[in-house]
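A look at the structure
What follows is each chain in one-letter form.
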Amino acid sequence: METNEKIRNIKEELDKELEGVEKQQELVEVKAKYLGKKGLVTELTANMKDLSIEEKKELGQLVNLLKNEVTEMINQKQQDLQNKELERRLKEEEIDISLPSRKIKKGSRHPFQRIIEDVEDFFVSMGYDVVDGPELETDENCFRRLNVPLGHPARDSQDTFYIDDEYLLRTQTSSVQARTMQANTEKTPIRMICPGKVYRRDDDATHSHQFGQVEGLVVDKDISLADLKGTLEMFAKKMLGENTKVRFRPSFFPFTEPSVEVDVTCFKCGGKGCPLCKQTGWIELLGAGMVHPNVLRMGGYDPEKWTGFAFGTGLDRLAMFRYAIPDIRYLYTNDIRFLEQFSRKDEENEVK
Ligand code: PHE
């Protein structure tokens, strides 16, 4: 058969064969059949050695041309297969971007956390530092440095969880008063608040074995009870409303002298009397007083030169008042139905 004819046949045959190819593997086989060592194209040169130089040259050129063409055809097929595969995947993995997305559920700040942030905002704006202290505390910081020596009856009222003779779970954030005075080695004026958790052996609708307090301590020259009253009045108005009034009742705490208990006008009835305030018009909000000279002295401050005031209030009480929460335990049981009520409009605006 004439070489040209052979070449034409090869091309026709390849063309037909490629049409039937659907998979990569089949294409590999076709490629081997034509371009492999014993492939149809190579075979054309089988009797090369019997030819003259001229003929060799001519045949060589023809075969090279054919090789290029066959390669080109196979490459083209390869490209087609790849395009088809891509199309198939695009179709299969198509995403319907017109589908409405799933709503992301937004959490809300815990009422307890919100109270802390509001309290901090107020006192920071008045120039106070926010400090922290450990919940596992020493008897020394929680009691002795606060003028509550061993055997003092005030320890009973606080139902302490003791770890051993020296360590306990703090029953009051007042421990941070002792810490702050000691830590201030330069003995400069102090303005601090400390929000945090405290622990007592108590558990009913208005008491939890764990609850929150915020302590405040100011130590400076010429601090008087009037400063305390002014500060707490502003605080009460900020937390419970502009019309809130404050009254001081004499009280006792070992670490303050004089000591007061601070009531605020009932935010529910405005002071007229209602079930919440037990018809008195007043609600007890916090304990406070002028820092006891012994406490100043133990903190390294000369009570002849320095005076100060301190106050402590229950964060849970504040939260319960502010959000009308009937049971303190709601604050600690993480019931999502309870917590969801606290996603406020203004908070929704916070997340853009
Ligand atoms: N630590 C006191 C309590 O837990 C509250 C208090 C703090 C009173 C500071 C006076 C001064 O009851």
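All values derive from a computational prediction rather than experimental measurement. Here, residues in each chain are numbered from 1, in the same order as that chain's written sequence. Owing to the predicted nature of the model, reporting of local features is limited to residues with pLDDT of at least 70; listing and counting of side-chain atom pairs is limited to 80 or more, with chain, interface and lining totals taken over all residues. Side-chain metrics rest on all non-hydrogen atoms present in the structure, leaving aside hydrogens and water.

**So, the overall build of the chain**
A tally of helices and strands in the chain yields 12 helices and 9 strands. In this setup the radius of gyration rests on C-alpha atoms only. A globule is expected at 2.2 Å times the number of residues raised to 0.38. At 43 Å, the chain has a C-alpha radius of gyration far larger than the 20 Å of a compact globule built from 352 residues. A burial count over the chain gives 40% of its 352 residues as buried. Here, two residues are considered to be in contact whenever any of their heavy atoms come within 4.5 Å of each other. Restricting the contact set of the chain to residue pairs at least 6 apart, pairs at least 24 apart contribute 65%. Starting at the N terminus, helices and strands are each numbered in turn, a helix being any DSSP run of H or I of at least four residues and a strand any DSSP run of E of at least two. For every residue, the accessible area (1.4 Å probe, protein chains only) is compared with the maximum for its type, and the residue is labelled buried under 20%, exposed over 50%, or partly exposed between those bounds.

**Topic: the site of the ligand**
Think of it this way: one heavy atom of a residue within 4 Å of a molecule or strand is enough to make that residue near it. Looking at the ligand, there are 14 residues lining it, with Gln172, Ser174, Arg200, Gln213 and Glu215 nearest. Secondary structure elements with two or more residues in the shell around the ligand: strand 5 (210-220), strand 8 (282-291) and strand 9 (307-314).

**Describing the domain arrangement of the chain**
Taken domain by domain, the chain consists of domain 1 (3-92) and domain 2 (111-339). Residue ranges assigned to the domains are those given by an automatic or database domain assignment. The C-alpha-based centres of domain 1 and domain 2 are spaced at 91 Å.

**Some points on the pairing of strand 5**
Most of strand 5 is tucked away, with 11 of its 11 residues classed as buried. Of the two faces of strand 5, both are covered, the one formed by Gln210, Gly212, Val214, Gly216, Val218 and Asp220 as well as the one formed by Phe211, Gln213, Glu215, Leu217 and Val219. Inspection of the sheet shows strand 5 paired to strand 9 by 8 bridges, in the antiparallel sense. The residue bridging Val218 from the neighbouring strand is Phe309, located in strand 9. DSSP bridges decide pairing: two strands pair if at least two such bridges lie between them.

**Some words on the pairing of strand 8**
For strand 8, a buried count of 8 out of 10 residues is recorded, marking the element as mostly surrounded by other parts of the structure. Relative to strand 8, strand 7 (residues 256-265) runs antiparallel, the two sharing 8 bridges. When the bridges of strand 8 are listed, Val260 appears paired with Ala288. Two strands pair when backbone bridges link them, and strand 8 and strand 9 are joined in this way by 5 bridges, in the antiparallel orientation.

**Observations concerning the side chain of Asp139**
Relative to the assigned elements, Asp139 resides in helix 6 (residues 139-142). Ignoring any residue separated from it by four or fewer positions in sequence, one finds Asp139 in contact with Arg144, Arg155, Tyr162, Asp165, Glu166 and Leu168.

**What about the packing of aromatic side chains?**
A pair of Phe, Tyr and Trp rings is counted when the ring centres sit within 6.5 Å of each other, with Trp represented by its six-membered ring. The angle between the planes then sorts it: under 30 degrees is stacked, over 60 is edge-to-face, the rest tilted. Under the defined criterion, the tally for this structure stands at 12 aromatic pairs. Seen from their ring centres, Phe338 and Phe342 are 5.2 Å apart, and the 65° between their planes marks the pair as edge-to-face. There is no split in this pair, since Phe338 and Phe342 are both buried. Taken together, the ring pairs in this structure connect Phe122, Phe123, Tyr128, Phe235, Phe309 and Phe311 into an aromatic cluster. In this scheme, the term charge over a ring applies when either NZ of a lysine or CZ of an arginine sits within 6 Å of the ring centre and within 35 degrees of the ring normal. One cation-aromatic arrangement involves Lys221 over Trp306; the distance from NZ or CZ to the ring centre is 4.4 Å. Lying over the aromatic face of Phe248, Lys229 brings its terminal NZ or CZ to 5.7 Å of the ring centre.

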